[in-house]
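# Remarks on the overall topology
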Amino acid sequence: MSVRAQLLMPEGFLWGCATAAHQVEGDSVDDWSQWEEGAGRIYQNQRSGAACEWWRGRFGEDFDRAATLRNNAQRLSIAWSRIEPQEGQFDDAAIGRYREMLVALHDRGMKPMVTLHHFTNPIWFAERGGWLSEEAPALFVRYVRRAVEGLADLCQLWCTLNEPMVLATQGYLFGYWPPGHKSMDDMARAAANLLRAHAAAYHAIKSVQPNSQVGYAHHHLGLQPKAPAFWHRPAAQAADQLMNVAFNDALLTGVFKLPFRRAIAVASAKGALDWLGVQYYQERLATFNPLKLGNAIGTEKPKGVPVGPKDWGGLVPQNLFGVIERLYKRYGKPIYVTESGVPDPEDTLRRQWIVESVRALWRALGFNYPVRGYFFWSLLDNFEWAEGYDPRYSFGLYQTNFQTQQRTQRLSAVLYREICAQNGLSAEIVAQYVPELLPKLFPGESGAPQVRLKERY
Ligand code: IFM
C-alpha cells in the first residue's frame, strides 16, 4: 500500500477546542449580565441567558462531543463571579462544580487548560472600580490563589487572562463592553492593572503549584498600513504597539509602553511567563486621518481577501505562521494557539481555515518553533459578547439551536476529528474535505502535471 503525503505534528501535541464561562455556562451573574440589560448594547438587545446550559449540566454531553472529535485537551474558563460572588466570600460549591468539569475532561482523556479570567468580573469588583482600581491586581490574585488551591490536583496548565488588550480597549477606550468608558487614560490604567494582575497571578500560581505551566492568551491582530503606506504606516505601528507589542514586551522587559504614553515600570511582570498563548483571527488595514479629531487612528477591512461579517476583517489563516514566527523570535517561549476560528454559519469558510491553520502550525514546527497545541474556537456556537446570538457570529464546530439546546455537527467537525485522530494533515483528508487546496498543499497527490526529469536537465 502506498503511503500518501502527510504533515504530522510531534507526539504529545495538544488538540482541542476553547470555550469561555460566560459564553457557554448560562445563568451568569456578573458585570456582563448586568451590562446586557442596557438597551442597544447587544445585538437585538439579547441576553446571554441560558447560553449553552453548561452550568445546568450540559457540559458533560459537550465534552462527549469533544472526545468524539478525538481531542486530547480542552481549554475552558472559570468564572470569578461564581467562585467569589461576594467580596471575600468564596463558594466551595462553585469550585466543586468546576472540579466536576475537570474530572469529566480527564475521564474522557482530555488535558484541561484553565483560563482564570475571560472578560467577566464579579459585580462587587466592578462596583469597586473594576480594573481602574489600584486594588484590582490584589483582589484578582486573592481569587486566583483560592481557585488554584481548589483545582491544582486536576490542572497544571493555567492561562491567567484572556486577551487583556481587547478587554482594555473594548471596555475602556471604545466603550462597547462594560464598563463602557471612552477614555485613553482609563484604557491605559486598566491595561496596566491587568498587566500587574497577570504578573501577581503568575507568581501566586507558582507558589501554590511549582510544577504548573502558566501563560496568558494574547489576541494578535494582523495589521498592515492602508495605501499609501508612507502615510498610514505610523498608524499601523501605533495600533500594533497597542494591541500586539506592549503587553508582551512588558513580560520580557518589565517596562510597559503604550503608544503616546510614558513608559511605566512593572518589574514583577519581567519573566512572568512560561508559555505564550496566541489567538489569531483577522487582518485589518490601519488608517490615519488627522481630520478625525481624537480618533485619527482607525482600521478598516482589507480588500482582495475573503472577509468576515459586519466589520470583521480579512481571513488569512496562512498568516498564522508569520505570527508564530514573530512571537517566538521575540519572546522565545513555547506557544499554544489558544484560539483560532472563523465566524461562519454556513460552514463554507471553516474547513479551509482549519486546514490552512494546521499547515501553518506544521511549517512553524518545521522551523523548530515550539508550538505545543492548537485549540479551535469554538466547540459549539455560543454567546458572542456584543454580537449576542447573531447567527453571523457562529463559531462552532457544532451548531447550537438556542431554543431547543440541540447541537448539530458541522462538516468542519468531521474534518477536525480526522486531523486530531491522525495528529496532522494528510492528502486524503485534504482531498476529501477541502479538495480545492490539494494542488497547493500536496501537489504530488493532486494529479497536477509533473515536470519530468529529462525535461529538467
Ligand atoms: O468569542 C471570542 C472570545 O471570547 C475571545 N476571542 C475571540 C472570540 C471570537 O470573537
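Look a little higher up for the structure.
Throughout what follows, the structure given in this document is the object of discussion. These figures come from a predicted structure and were not determined experimentally. (Residues numbered from 1 in each chain as written. Predicted model: local features only at pLDDT ≥ 70, side-chain atom pairs only at ≥ 80, totals over all residues. Heavy atoms only, no water.)

Turning next to unusual backbone geometry. The omega torsion across Pro178 and Pro179 is 10 degrees, close enough to zero to call that bond cis. Take Pro179: it is sitting in the loop between helix 8 (164–172) and helix 9 (184–208). For the bond from Ala227 to Pro228, the omega torsion is 0 degrees, close enough to zero to count as cis. In this model, Ala51 sits at a positive phi of 45 degrees, which is unusual for a non-glycine residue. For Ala51, the position within the fold is in the loop between helix 2 (31–35) and helix 3 (54–68). The exposure class of Ala51 is buried, given its relative accessible area of 3%. One non-glycine residue with positive phi stands out, namely Glu163, at about 45 degrees. For Glu163, the location among the structural elements is in the loop between strand 5 (157–162) and helix 8. Under the relative-accessibility criterion, Glu163 is labelled buried at 6%. (Helix = DSSP H or I, 4+ residues; strand = E, 2+ residues; numbered from the N terminus. Buried < 20%, exposed > 50% of the residue type's maximum accessible area, 1.4 Å probe, protein only.)

Mapped onto the elements of the fold, His219 is located in strand 6 (residues 213–225). A polar side-chain atom of His219 sits 2.9 Å from a polar atom in the side chain of Glu163. Apart from the residues lying within four places of it in its own chain, the contact partners of His219 are Glu163, Val166, Met243, Asn244, Gln279 and Tyr281. (Polar contact = N/O pair within 3.5 Å; in protein donor to acceptor, adjacent residues only side chain to side chain. Contact = heavy atoms within 4.5 Å.)

Here the focus is the nonpolar core. Soluble globular proteins: nonpolar side chains tend toward being buried together. The biggest cluster of nonpolar side chains holds 159 residues, and the ones touching the most others in it are Ile78, Leu116, Trp131, Phe140, Tyr143, Met165 and Phe256. Here this core gets 13 residues from one element, more than from any other, and that element is helix 9. Beyond its immediate stretch of four places on either side in the chain, Ile78 contacts Ala21, Ile83, Tyr98, Val114, Thr115, Leu116, Tyr143, Ala147 and Leu151. (Core = buried A, V, L, I, M, F, W, Y, C linked by side-chain atoms within 4.5 Å.)

Of all nine residues making up helix 8, nine are buried, and the element is well covered by its neighbours. Among the residues making up helix 8, those that are buried are Pro164, Met165, Val166, Leu167, Ala168, Thr169, Gln170, Gly171 and Tyr172. For helix 8, the secondary structure elements touched by its buried residues are strand 4 (111–117), strand 5, helix 9, strand 6, helix 10 (229–253) and strand 7 (255–256).

The subject of this paragraph is the layout of surface pockets. Taken as a whole, the largest pocket holds about 1,700 Å³ of empty space. Forming the walls of the largest pocket are 48 residues, and the residues nearest its centre are Thr169, Gln170, Phe174, Tyr176 and Thr299. No other element matches the five residues that strand 9 (residues 275–288) contributes to the lining of the largest pocket. Residues of the lining of the largest pocket, tallied by class, amount to 24 nonpolar, 14 polar and 10 charged. There is about 270 Å³ of room inside the second largest pocket. In terms of lining residues, the second largest pocket is bounded by 15 residues, among which Gly222, Leu223, Gln224, Asp240 and Arg326 are the most central. Of all the secondary-structure elements, those providing two or more residues to the lining of the second largest pocket are strand 6, helix 10 and helix 11 (320–331). Considering every element that reaches the lining of the second largest pocket, the biggest residue donor is strand 6, with six residues. A per-class count over the lining of the second largest pocket returns five nonpolar, seven polar and three charged. (1 Å grid on protein atoms, 1.4 Å probe; cavity = no way out; pocket = protein on both sides within 12 Å on 5 of 7 lines; lining within 4 Å. Points joined across faces, edges and corners; volume = space filled by probe spheres on them. Nonpolar A, V, L, I, M, F, W, Y, C, P; charged D, E, K, R; others polar.)

With that out of the way, let us pick up the packing of aromatic side chains. Scanning all chains against the criterion turns up 39 aromatic pairs. Between Trp80 and Tyr143 the ring centres are 5.2 Å apart and the planes differ by 10 degrees, which places this aromatic pair in the stacked class. Of this pair, Trp80 sits in helix 4 (residues 80–83) while Tyr143 sits in helix 7 (residues 136–151), placing them 63 residues apart in sequence. Assigned by exposure class, Trp80 and Tyr143 land together as buried. Through a chain of ring-to-ring contacts, the aromatic side chains of Trp32, Phe119, Trp177, Phe383, Trp385, Tyr389 and Phe402 assemble into a single cluster. Here the guanidinium or amino end of Arg65 rests over the ring plane of Tyr398, the centre of that ring lying 5.8 Å away. Its end group placed over the ring of Trp55, Arg97 keeps NZ or CZ at 5.8 Å from the ring centre. (Phe/Tyr/Trp six-rings, centres within 6.5 Å; stacked < 30°, edge-to-face > 60°. Lys NZ or Arg CZ within 6 Å of the ring centre and 35° of its normal.)

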